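# Fold and contact review
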Amino acid sequence: VSEPCVFSLYDSREGESAFVRVLCLSEADSETFTMELDSSTESYSKSTNHALWAAWGVDEIVLDRARKEIRVLRNPFPSMKPNTLWMLGSSSPTLKGHSLSEVPSRLKEILPGLHAISFENPNVEIESLSRVMRSKWEYQYLSWDMELAGIPWKAIDYRKERNPLDHHFTGGHILYRCKFVSSRNRMALVVNTRHVAAIFCNGRLVGSHICYSHGSVSAGAMHAFDIRWAGKKYYDLTSFLKRGGNDTEQELVILVFSFGLSRQPFLLNDVRNRRGLLSAKLRPRPKQAEWHIAGKAVSSLNNPFNTSGLPTEPTLEDPSRSHMNVSGWTVDDHVQLTYSPEKGNIVWYRSQFKANASSGKVYAPLRLSFRTADKVHAFGWVNGWMIASYISYVGPQEDFFIMPGILAQEPTHGDGGKEGEGMAMNDLVIVFYGSSNQVCSVQVSIDTWIIDNESGNCLTEQQGGKPFVRFNETISLSA
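What you see is a predicted model, and the numbers here were worked out from it, not measured in a lab. Each chain carries its own residue numbering, running from 1 in the written order of its sequence. Note on the predicted model: pLDDT of at least 70 is required for a residue's local features to be given, and 80 or more for side-chain atom pairs to be given and counted; whole-chain, interface and lining totals, by contrast, use all residues. Heavy atoms from the whole structure form the basis of all side-chain values; hydrogens and water molecules are not counted.

### Observations regarding the overall build of the protein
On a plain count of helices and strands, the protein comes out with four helices and 35 strands. Within the protein, contacts between residues at least 6 apart in sequence are counted, and of these 72% link residues at least 24 apart. Of the roughly 24500 Å² of accessible surface on the protein, 48% is carried by carbon and sulfur atoms. Secondary structure counts use DSSP, requiring at least four H or I residues in a row for a helix and at least two E residues in a row for a strand, with both numbered from the N terminus. In what follows, a contact means two residues having at least one pair of non-hydrogen atoms within 4.5 Å. Computed with the Shrake-Rupley method and a 1.4 Å probe, the accessible areas treat only the protein chains shown as cover for residues.

The structure is reproduced here in structure tokens:
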């Protein structure tokens, strides 16, 4: 059908008559059709005051009786979908700030309770509504041996206290440090971790590996038994050792990122799943070794899920990591973020971006995107909220949804001209490290979602996709 129509089915039994009305809509209208807008249980055939049973024509329709308003989310571009809200109710609603549109007489006859509100579309380009403005990147390297880095190393008994659960480190990253003395010129490490590990020897990245499996009975198994003793990895530390005699102190740091999986058989499916450092052996055995552990105890956090486990990560109170002034922040004019193992163990990047305030008229959800051909580990925060855990060689997720509620709501003013006017400022922080002792890079961007406006599926601009942009409309109802 090209416009709404109604079929009436009558039935007469024992002197009483009843009928059923069948509403027929076009394919485009049926995709937006919604019912149960009103708490009233009255049927369409009975007359109630201001009852609203069905609506269609826009993407999202919410009737809020407490606030006496109707909230809709609509597509502002007429070439995509119609911009008329159709409402079916028992009586004509009384509106504030909006007026009812004329309903064709032929529709009034078959649907006496049909009302319409038409919206005017803006004379602007879709790109201008979805625009994101980002400032230049600043970066800062961090090394594990920096005293000013503030890493809270805690001495532990390796045999009894290396389980991160004993320290409430369940947020992802756990740091292990071993200071040892050896007279040997050759040294190797055999290590077993869950799930991602990066090995640093005397401040230099030796390499990394992952122990994670979709198998049923294997090391790092996702779906069944995780074999504790399996998954060991061998690293040759010889070329990373300090040369200086028999009593030269060496430092080994193992950075572990645990996925926190809980998908074991039901008898084992709890927080005790394997995580962190399962075992580590230096060969040959050093003369003496002291072990330390560091991380974020989730028991001390207001939100135990908003953490990567890194001790120096952003917080809601300090979303731009302004407290970190170990070596100062350096401006980077490049598009891609670069990690050089020779400069530090991990690198922090920060920037700011402006986007249309999510509480305003425009609704254009954003994503944090990562693109790289290298093996990198990256994590992202927006306004102190951790929203992205990106491991390029595990994936496949490269785009992370930025929840509108965490974006700044108040637009910035007084920054000169009309550039960025009406857009709110947000903090963006990225940390990443590589998987080998080689320079690597990753491209990070804040973008709107590119979709097929008919199906809603994600596309690329090359495939003809358009930015996902909608308008918020609030229709006030009189008492």
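Continuing now.
### A closer look at the confidence of the model for the protein
Across the protein, the average pLDDT comes to 82, with 81% of residues at 70 or higher. The secondary structure element of the protein with the lowest average pLDDT is strand E1 (residues 5–13), at 65, and the one with the highest is strand E19 (residues 233–236), at 96. pLDDT: the predictor's confidence for each residue, scored from 0 to 100. Across residues 39–50, confidence stays below pLDDT 50; counting only partners more than four residues off in sequence or on other chains, it has 23 contacts.

### Notes on the environment of Ser 143
Within the secondary structure, Ser 143 sits in the loop between strand E11 (137–142) and strand E12 (154–156). Expressed as a C-alpha distance, the spacing of Ser 143 and Val 347, which sit 204 residues apart in the sequence, is 8.9 Å.

### Examining the sheet that holds strand E16 (residues 204–210)
Strand pairing in a sheet relies on backbone hydrogen bonds. The paired strands run either parallel or antiparallel. In this description, strands pair whenever DSSP reports at least two bridges between them. Read across the open sheet, the six strands follow the order E12-E22-E13-E20-E15-E16; overall the sheet is antiparallel. Sheet topology places E12 and E16 at the edges, where each strand pairs with a single neighbour. Across the sheet, the mean angle separating the axes of adjacent strands is 25° when strand polarity is ignored. Across seven bridges, strand E13 (residues 173–181) lies against strand E22 (residues 288–294) in antiparallel orientation. Across the sheet, residue Arg 177 finds its bridge partner in E22, namely His 292. The axes are straight lines fitted to the C-alpha atoms, using for helices just the contacting stretch, and the angles between their N-to-C directions are given from 0 to 180°.

### Quick notes on the pairing of strand E15 (residues 196–201)
For E15, the tally of buried residues reaches six of six residues, placing the bulk of the element in the interior. Taken together, the six bridges between E15 and E16 define a ladder with antiparallel strand orientation. Looking at E16, one finds that Phe 200 is bridged to Leu 205. Between E15 and the antiparallel strand that follows it, E16, lie two residues; Asn 202 among them carries a positive phi value of about 55°. Note: E15 against strand E20 (residues 249–257), six bridges, orientation antiparallel. Bridging across to E20, Ala 197 finds its partner in Val 256. Relative accessibility thresholds used throughout: buried, under 20% of the residue-type maximum; exposed, over 50%; partly exposed, between the two (1.4 Å probe, protein chains only).

### Let's talk about the pairing of E13
Buried residues dominate E13, accounting for eight of its nine residues. The sheet contact formed by E13 and E20 spans nine bridges and is antiparallel. Within E20, the residue paired with Leu 175 across the bridge is Leu 255.

### Points about the environment of Gly 260
In this structure, Gly 260 sits in the loop between E20 and strand E21 (276–283). With relative accessibility at 32%, the residue Gly 260 sits in the partly exposed group. Distance in space between the C-alpha atoms of Gly 260 and Thr 170 is 7.3 Å, their sequence separation being 90 residues. For Gly 260, the residues in contact, after removing those within four places along its chain, are His 195 and Arg 275.

### Observations concerning the environment of Arg 159
Counting through the fold element by element, Arg 159 comes out in helix H4 (residues 158–161). A residue is classified by how much of its surface remains accessible, and Arg 159, at 72% relative accessible area, is exposed. Sequence separation between Arg 159 and Trp 291 is 132 residues, and the spatial gap between their C-alpha atoms is 9.9 Å.

### Points about the pattern of salt bridges
Definition used for salt bridges: Asp or Glu carboxyl oxygen within 4 Å of a side-chain nitrogen of Lys or Arg. On inspection of all chains with the given rule, the structure shows 13 salt bridges. Across the salt bridge formed by Arg 177 and Glu 251, the nearest N and O atoms sit 3.9 Å from each other. Taken together, the residues Arg 177 in strand E13 and Glu 251 in strand E20 connect sequence positions 74 residues apart. A relative accessible area of 14% places Glu 251 in the buried class. The partner of Arg 367 in a salt bridge is Asp 399, with the nearest N and O atoms 3.2 Å apart. Remark: Asp 399 occurs in strand E30 (residues 399–402) and Arg 367 occurs in strand E27 (residues 366–371); sequence separation between them is 32 residues. The structure contains a network of salt bridges with shared partners spanning Asp 64, Arg 67, Glu 69 and Arg 71.

### Describing the nonpolar core
For this analysis, a nonpolar core means a set of buried residues of the types Ala, Val, Leu, Ile, Met, Phe, Trp, Tyr and Cys, connected via side-chain atoms within 4.5 Å. Judged by nonpolar contacts, the single largest core of 53 residues is most densely connected at Trp 144, Leu 368, Phe 370 and Phe 432. Discounting chain neighbours no more than four positions away, the residues touching Phe 432 are Leu 337, Thr 338, Tyr 339, Ile 346, Val 347, Tyr 349, Val 376, His 377, Ala 378, Cys 440 and Val 442.

### Structural notes on unusual backbone geometry
At the junction of Arg 194 and His 195, the peptide bond is cis and its omega measures out at 15° in the coordinates. Position of His 195 among the secondary structure elements: in the loop between strand E14 (188–194) and E15. The amide bond that connects Arg 283 to the next residue, Pro 284, takes the cis arrangement and shows omega of -5°. Summarising the element assignment, Pro 284 is placed in the loop between E21 and E22.

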